[in-house]
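# Notes for the structure review
These are the residues of each chain, in order.
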Amino acid sequence: VALLAAAPGAARGQESLADIRWLPAAPVEGSVFSVLVTPAKGQELVPSRGTLSREPLHFEPAPRGAFRAFGAVPIGARDSVPLQIHLEDSSAGIVEGAIVWIPVARRNVPVERIRTDPQFTRTPDSALAARIAAERERIRAVQDHTHQTPRLWRGRFVRPRGSRITSVFGIRRVVNGVPSGRHFGTDLDGNTGDPVRAANRGVIALVGHFYYGGCLVYVDHGAGLVTGYLHLSEILVAVGDTVPAGQVIGRVGATGRVTGPHLHWLANYGGVSVDPLGLTELEPGSPPDIVSTPPGQASKGRGPASVCRP
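Residues numbered from 1 in each chain as written. Predicted model: local features only at pLDDT ≥ 70, side-chain atom pairs only at ≥ 80, totals over all residues. Heavy atoms only, no water.

### Observations concerning the side chain of Asn-268
- Mapped onto the elements, Asn-268 comes out in strand S22 (residues 262-269).
- Beyond its immediate stretch of four places on either side in the chain, Asn-268 contacts Gln-143, Gly-224, Leu-225, Val-226, Ser-273 and Val-274. (Helix = DSSP H or I, 4+ residues; strand = E, 2+ residues; numbered from the N terminus. Contact = heavy atoms within 4.5 Å.)

This is how it looks when you write it as C-alpha cells:
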C-alpha cells in the first residue's frame, strides 16, 4: 500500500487500508517516540512487523482497534528517517508493505570540555584495544537480545537518582583537549556510596568492570529497551535477576573514565542510543496481559554485592 503524508505526524493509505500516526510529529534525534497504526474500518489488517533505524518494532494492541509500538531516531539522523511497516491479513494471506518518512528535529547541545586521567586519551595498545572491542561486543549482544525479550517494563520509567543533572545527553565532548565525540548518556550527581535504582522493571543482562564504563549494570526491559548504569562503586545484583522499578541495584562511584563520583545513566532502543530522560516521558499504555520473565532467567531477587575498585 502506498502511503502519502496526510498531516504532520500522520500518514494515510491511498486505499485507506490503515492510518499511521506518530508522536511527537517531529521526534528529536536521539529520542524514543510512539507509532500508532489503526486499520481502516472493515479491514482485518494488523502490523505483523516493522523497522525503524534498522531496529525491529514491537507492536501491542492499543485502544479502539489500534496497534502501538515505540521506535527510536539515532543521533546524527538527517531530516527524516524511513519507517517500514508490514500489514498482514492472516485470514486472506495478504501482506502489504508501507514506508513512511518521519521528519526529524535537531538536538541542540553545547560543547563540554573535561579533564580525566591521561590514560583514557592515549592510543590503546593491542591488548587494551582487544579488551575494549570485547566489552563493546558484550554490550551489543545485550542490545540485540532485548528484541527477543518480551516487554517487562510497566508504568513510567523513573530516574535512578533524584539528584541534579551534571551533563546532558548528546553533548559534544573534548577530553583532555582531544575531541571524543558525543556523550551518550545523562550524568547525575552523587557521592560515592549513594544508591542507584533501576529505572523500570527488567532483567539484569550484564554486570562487569569495563575500561571506560567502570563497574556497570545493564537492565533489559524487553521490547527493545535497555538502560545502563555506569561508574559504580558497588554492584548489588547478578545477571539473571529480575528487578522492579526503584530497586537499588548499585551505588554511585568513580570507576572507569570519570572526573569524579557520579552516575552515568544511558538508554538504548536496540543499538540506538537515546536520551534516558525521554523514557520518563513515555506514555506506557497497557502492558501485555502476561508479563513474564524470559525462559532461563528466573527471578532470583537480590544478587551478591560486588565492591568495585577504581
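### Topic: the nonpolar core
- Core analysis: the largest hydrophobic core is formed by 53 residues, its most contacted members being Ile-20, Leu-83 and Ile-249.
- By residue number, the principal contributor to this core is strand S8 (residues 67-73), which donates five residues.
- When sequence neighbours within four positions are dropped, the list of residues in contact with Ile-249 reads Val-196, Arg-197, Ala-198, Val-217, Val-219, Tyr-229, Ile-235, Leu-236, Val-237 and Val-243. (Core = buried A, V, L, I, M, F, W, Y, C linked by side-chain atoms within 4.5 Å. Buried < 20%, exposed > 50% of the residue type's maximum accessible area, 1.4 Å probe, protein only.)

### What about the packing of aromatic side chains?
- Counted by the stated rule, this structure contains four aromatic pairs.
- Ring centres 5.7 Å apart and planes at 55° place the aromatic pair Phe-70 and Trp-153 in the tilted group. Of this pair, Phe-70 sits in strand S8 while Trp-153 sits in the loop between helix H1 (126-145) and strand S12 (165-167); the two residues are 83 residues apart in sequence, bridging distant segments of the chain.
- Since its relative accessible area comes to 1%, Trp-153 is described here as buried.
- An angle of 70° between the planes, with centres 4.9 Å apart, marks the rings of Tyr-211 and Tyr-212 as edge-to-face.
- Residue classification places Tyr-211 among the buried residues on the basis of a relative accessible area of 10%.
- An aromatic cluster of at least three residues, connected via ring pairs, comprises Phe-70, Trp-153 and Phe-157.
- Above the ring of Trp-153, the side-chain terminus of Arg-151 is found at 4.0 Å from the ring centroid. (Phe/Tyr/Trp six-rings, centres within 6.5 Å; stacked < 30°, edge-to-face > 60°. Lys NZ or Arg CZ within 6 Å of the ring centre and 35° of its normal.)

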